[in-house]
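Fold and contact review
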Amino acid sequence: MNASGSNWVLDLLSRDSMPAPVDWVQALRRQASDQAATLPQPRRKLETWRYSRVETLLKASFTPVVQAPDISGQVVPAGISPYKLVFVDGWYSESLSHTDGLPPEIRIGSLREHLDQDSVRKQLGQLANAGENLFTALNTALLNDGLFLEIPDGLVLQDPVEVFYLNSAADTPQLAQPRNLILVGKQASLTLVEHYLPGQGRGYFHNGITELQLDAGSRLSHYRVQDEASTAWHLSQLYLEQDSGSYYHGITLSFGAHWARTEYKTGFRATDARCDLRGLYLVGDGQLSDFHLDVHHDRPACQSREQFKGLLHGKGRAVFDGRILVEQIAQGTDAQLTNDNLLLTRDAEVDTKPQLEIYADDVKCSHGTTVGQLDPQQLFYLRTRGIEKKQAVHMLCEGYAGEIIDHLHLPSLREQATDRMRQALERI
Amino acid sequence: MKAQQDEVNDLVKAGYEHGFVSNVASDTLPPGLDEDTIRFISAKKNEPEWMLDYRLKAYHHWLEMEEPDWAHLRYDPIDFQAISYFSAPKKASDGPQSLDEVDPELLATYEKLGIPLEEQKALAGVAVDAVFDSVSVATTFRQQLADVGVIFCSISEAVHEHPELVREHLGSVVPHTDNYFAALNAAVFSDGTFVYIPEGVSCPMELSTYFRINEAKTGQFERTLIVADKGSFVSYLEGCTAPMRDENQLHAAVVELIAMEDAKIKYSTVQNWYPGDENGVGGIYNFVTKRGDCRGDRSHISWTQVETGSAITWKYPSCILRGDDSVGEFYSVAVTRGHQQADTGTKMYHMGKNTHSTIVSKGISAAHGQNAYRGLVRMGIKAENARNHTQCDSLLIGDQCGAHTFPYIEVRNPSAKVEHEATTSKISEDQLFYCRQRGLKEEDAVSMIVNGFCKEVFNELPMEFAVEARKLLNITLEGAVG
Amino acid sequence: MLSINNLHVNVDGKEILKGLNLEIGRGEVHAIMGPNGSGKSTLSYVLAGREGYEVTAGEILFEGRNLLDMSPEERAWAGIFLAMQYPVELPGVNNMNFLRESLNAIRKARGEEELDAVAFMKLVREKAATVELDDKLLKRSVNAGFSGGEKKRNEILQMAMLEPKLAILDETDSGLDIDALRIVAEGVNLLRSPERSIIMITHYQRLLDYIEPDFVHVLADGRIIRSGGKELALALEEKGYAWVLEEDAA
């Protein structure tokens, strides 16, 4: 164990937790606690935590939610889909969810309820290795519930499935740890929309993990809207593996939380797959947004696009760390990464670090990064056309963010996102 | 594809043109490093007490430090006790007074390398302070420079003759605590160059120093200090070649540049040290700290480097843009072939208002070469309207090599603007075929395309250096077709 | 001067040329026409020696030498020039330098003196004027950022400089407006001589209005299925390729 002392994560891991519902999960949990002890402590000196001030997170203290919480008084937003699943503190709430009308071949709902499924037993923890980092270990060691979604081969679902993550009111800051497993069968297609909302919670820490497997020829549009409480901590780690000809279309919009970090770790199982990762972050006073991408091209002829844009105001801080690794075997890779940052105010700060690590020669790889403020020429132009300054700023910001938002192929979600962004801009 | 493969194989085998060893007896300290070593070096150079104190302070700090491991490099651990920290060519008297007194073999060595030490060559406008192993042996054109008040001498000499300037500036840009290799250099630096350009003077000639490592197991710890006073200008050229050796040799140089108000320093390097053999055995370990301080308003520091040699290159010539309206530039070509590894780039610290920086980095990887660009652009809180533009391009020749880009961008001021672009490509079969259809041999086609790729950087080199750099690149890529 | 006998060529394991025969005499201008995918560009690349084209049967003799044994540059030295449909961009490589390197490599191979800078400049200016190529383009990187017309004119300039014995113009008319086409055609016509043979590969008859061929061949499905004089081109223009294809099938 690292000498730098104890913290609440290590404390939790050293304690005996409630027994898991099945033996194999208990074994998985135990293994994760053991591995956690050997992992380096997240700290500034580690390259992956260089800019994200993880120390304050470790200095705080959070209580794990070890049984399904009280859901009285929880209000679930209307949503845009007939199908919605609701999780409170990471626990599935059947009474708040609506899954009627979904094709019966789809397996969906609480992970806890599906632990007897062969596919769960086979796939859970395959991508998210607890030995990788302390937060993955923590999620695994206290694994209780989360979203399970398995789409059989060939099934194409037109309507999106919508998922809400809410939090309950509590005296002490709580630790919500949904553990999601999403399996998309061959040639299947689905749109999944996830909302991360405060519910009644304040000051909580959301430490979520999602493992995603896309079989050959499948397609997943995966839209995530992080709008946590302004006092909350949010960490999402997404582990993705794609088979040949599959297409992952991922967009994360990050609006909320005091401290929010999203990590994408993607890999390929075969050739000719395509992975698009996009993100928009809007941060102001007292907020940090952090995106980490680890895009691993380890099969030939796959394509990836990474496009992230940030709007920073007040004392907002943003971190972007995007790494594309192309192995020697991955000839024919096409990977293009961009990260743009717009600083709207004096005290905003951004640290960005796009990286290319390339061991194959027949590749098309590039990255581009910009940091700047609104173009005074453009502002001036709008004002000469009679638009007042504030409005002009909003128009330009909307145009800028639109390059991400326009990729959401659900019009109602696009509208929601645009409204949410306007709200935030109003406050500047 | 086959042609590409042949080309790669031949690149691996291309010999090292400057691989010969000259035969000069040396006065060499046995391997090992402790306080006594430092006292010996200091005494040998007859240094004043303050200099010895500085060295000892650095040495004690170094003992507390850890060797950095963050670079994208793999090499066997360096045994710092197995290195000899001082060697000097034997001299007839206390030191040669003119070229006639210099060991003829030494001159012959320089001749082979094409170093313009003789009068007629110097007439080309190059004054030379040649460092053979660790001690300066000849200096020309001192008088002409002295007439305009330019000081151009070895750092050992400067310690005696201009102690006030050295004391004021040495370690003021790269402190002895800066990093592991800089601390080591501060403790044991053997010799190097000191340049002072007085206020308002534009140095009448390009200044250059040729470094050469010639002693087995001898580390080279050069120290260069260039101070350009208000409104002055100097262009400094540094070129390196080394004889063929089996054992790794450590080189840990420190270069400090200081530009006062309205001063401009242009620092150009062609580095062609022994890269090791085709199996990756031998070759120079090059751990260099180079930093320029744009101390005054409107000052300007420009680094240009062509790195084709060394087994390991760890080097980030940087600019501290302290003065308002100051300008920092970094132009780099780094070639890695065989088993060479380079982790190089720059750091631009924007502190003053309206500071501008430009970074152009061209990495070429062939055979098993690994080439990484690592750069930092920091826009400080007071860097109003600062600008940076960075362009990093990598060219891969063959499928066994690697090209990596690790830029760090930190912005603390919203009026600052940073643009960073990076691309990776290979020489396309279309391009090669096109050139060959027009009658060019494949190796000429490769060299032409690679030179085109590097053009933006070569354009920044002084004319005679640009020619040398192109030649060097062609030699490096020689035998592209069997 | 060029003799192609029973040429079979595979690309990526697929047979593209299936027994092509063609005889070209000194000073003759031949047009090769054919529908898309008939193997026209394959023929031009095989003649110039591009990798990736596997000759499975047949032979190509150029002035009695076996062309298939020669590298692309050796063929260029022997006097074969290919004006490409999509001329390649060479970023950072100065157009003028490129021309000079190329010309001197070919002159050297022919046993001629290399041209000095002054003579070269004089020649290049003179030739550039004939294809109305702006001097500025000579100073830029080869084809980088050139318009379609500028690229094609640059190809013809190279041809004028290198004075080949056999010039192959691969879809030289594609992507050109009428003025650019006229300029390019005039450039080619100036280069017609009893010593120089030309193969024009084209989809449309249009180019042949400007450069009059001595012979016209129809290439379809990897073989020459019909040959004739320039009247054949006019008939094709009028009736389309279907007409010959049907007759061939019959």
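Below or above, wherever it landed, is the structure these notes cover. Just so we're clear, the structure is a prediction, and the values are computed from it rather than from any experiment. (Residues numbered from 1 in each chain as written. Chains lettered and ligands numbered in written order. Predicted model: local features only at pLDDT ≥ 70, side-chain atom pairs only at ≥ 80, totals over all residues. Heavy atoms only, no water.)

1. Quick look at the environment of Asp340(A)
Residue and element names in this part refer to chain A. Considering the arrangement of structural elements, one finds Asp 340 in strand E19 (residues 334-343). Remark: the alpha-carbon pair of Asp 340 and Thr 370, spanning 30 residues in sequence, is separated by 4.8 Å. A distance of 2.6 Å separates polar atoms of two side chains, one belonging to Asp 340 and the other to Thr 370. (Helix = DSSP H or I, 4+ residues; strand = E, 2+ residues; numbered from the N terminus. Polar contact = N/O pair within 3.5 Å; in protein donor to acceptor, adjacent residues only side chain to side chain.)

2. Things to note about the sheet that holds strand E1 (residues 2-11) of chain C
All names here are of chain C. In space, the 4 strands of this open sheet follow the order E2-E1-E4-E5, with antiparallel pairing throughout. In the strand order of this sheet, the two ends are held by strand E2 (14-24) and strand E5 (65-66), each with one partner. Two strands pair when backbone bridges link them, and strand E4 (residues 53-62) and E5 are joined in this way by 2 bridges, in the antiparallel orientation. Bridging from a neighbouring strand, Phe 62 pairs with Arg 65 of E5. Sheet strands touched by helix H1 (residues 40-48): E1, E2 and E4. Its angle to E1, the strand with the most contacts, is close to 110 degrees. (Pairing = 2+ DSSP bridges. Contact = heavy atoms within 4.5 Å. Axes fitted to C-alpha atoms, helices over the stretch in contact; angles between N-to-C directions.)

3. As for a negative patch on the surface
A contiguous patch of negative charge on the surface is contributed by Asp444(B), Glu101(C), Glu113(C) and Glu114(C). On the accessibility criterion, Glu101(C) (44% relative accessible area) is partly exposed. (Patch = residues over 30% accessible without salt bridge, like charges linked within 9 Å, V, L, I, M, F, W, Y side chains within 5 Å. Areas by Shrake-Rupley, 256 points an atom, 1.4 Å probe, with all protein chains shown as cover. Salt bridge = Lys/Arg side-chain N within 4 Å of Asp/Glu carboxyl O. Lys, Arg positive; Asp, Glu negative; His and termini not counted. Charge placed at Lys NZ, Arg CZ, Asp CG, Glu CD. Buried < 20%, exposed > 50% of the residue type's maximum accessible area, 1.4 Å probe, protein only.)

4. Describing the sheet that holds strand E11 (residues 215-220) of chain C
Residues and elements named next belong to chain C. Strand order across the open sheet formed by 6 strands is E6-E9-E10-E3-E11-E12, with mixed pairing between neighbours. Looking at which strands have only one partner, the edges of the open sheet turn out to be strand E6 (80-83) and strand E12 (223-228). Here the average twist between neighbouring strands, direction ignored, is 20 degrees. Relative to strand E9 (residues 166-170), E6 is paired through 4 bridges, and the arrangement is parallel. Within E9, the position partnered with Leu 82 by the bridge is Ile 168.

5. Here we look at the packing of aromatic side chains
In total, this model carries 33 aromatic pairs over all chains according to the counting rule given. Arranged with centres 6.2 Å apart and planes meeting at 15 degrees, the rings of Trp49(A) and Trp259(A) form a pair that is stacked. Placement of the pair is Trp49(A) in the loop between helix H2 (23-36) and helix H3 (54-59) and Trp259(A) in strand E14 (residues 259-268), with a sequence separation of 210 residues. The same class applies to Trp49(A) as to Trp259(A), namely buried. Taking the centre distance of 5.1 Å and the plane angle of 55 degrees together, the rings of Tyr267(B) and Trp303(B) count as tilted. One end of the pair, Tyr267(B), is in strand E12 (residues 264-272); the other, Trp303(B), is in strand E14 (residues 300-307), and 36 residues separate them in sequence. Here Tyr267(B) and Trp303(B) have matching classes, each one buried. An aromatic cluster is built from Tyr59(B), Trp62(B), Trp70(B), Tyr75(B), Phe80(B), Tyr180(B), Phe181(B), Tyr285(B), Phe287(B), Trp314(B) and Tyr316(B), whose rings are joined through pairwise contacts. (Phe/Tyr/Trp six-rings, centres within 6.5 Å; stacked < 30°, edge-to-face > 60°.)

6. Description of the environment of Asp362(A)
Residue placement: Asp362(A) occurs in the loop between strand E20 (349-358) and strand E21 (364-372). For Asp362(A), a relative accessible area of 38% puts it in the partly exposed group. Between the alpha carbons of Asp362(A) and Ala301(A) there is a distance of 9.7 Å; along the sequence they are 61 residues apart. Contact partners of Asp362(A), with chain neighbours within four places excluded, come to Gln331(A), Gly332(A), Thr333(A) and Lys426(B).

7. Description of the interface of chain A and chain B
Each side of the interface is counted separately: chain A has 33 residues, and chain B has 34 residues. Across the interface of chain A and chain B, roughly 2800 Å² is buried in total on both sides, 46% from carbon and sulfur atoms. On inspection of chain A and its partner chain B, the count reaches 4 salt bridges. Across the salt bridge formed by Glu349(A) and Arg412(B), the nearest N and O atoms sit 3.4 Å from each other. Counting residues per element, the ones that place at least two in the side of chain A that touches chain B are E20 and E21 of chain A. The element contributing the most residues to the side of chain A that touches chain B is E20(A), with 10 residues. Here the side of chain A that touches chain B is composed, by residue class, of 12 nonpolar, 12 polar and 9 charged. As paired elements, E20(A) and strand E22 (residues 402-411) of chain B share 6 bridges and run antiparallel to each other. Note that in E22(B) the partner of Asp351(A) across the bridge is Glu410(B). (Buried area = accessible area lost by both parts, 1.4 Å probe. Nonpolar A, V, L, I, M, F, W, Y, C, P; charged D, E, K, R; others polar.)

Note that all results are geometric; they support no functional claim without further evidence.
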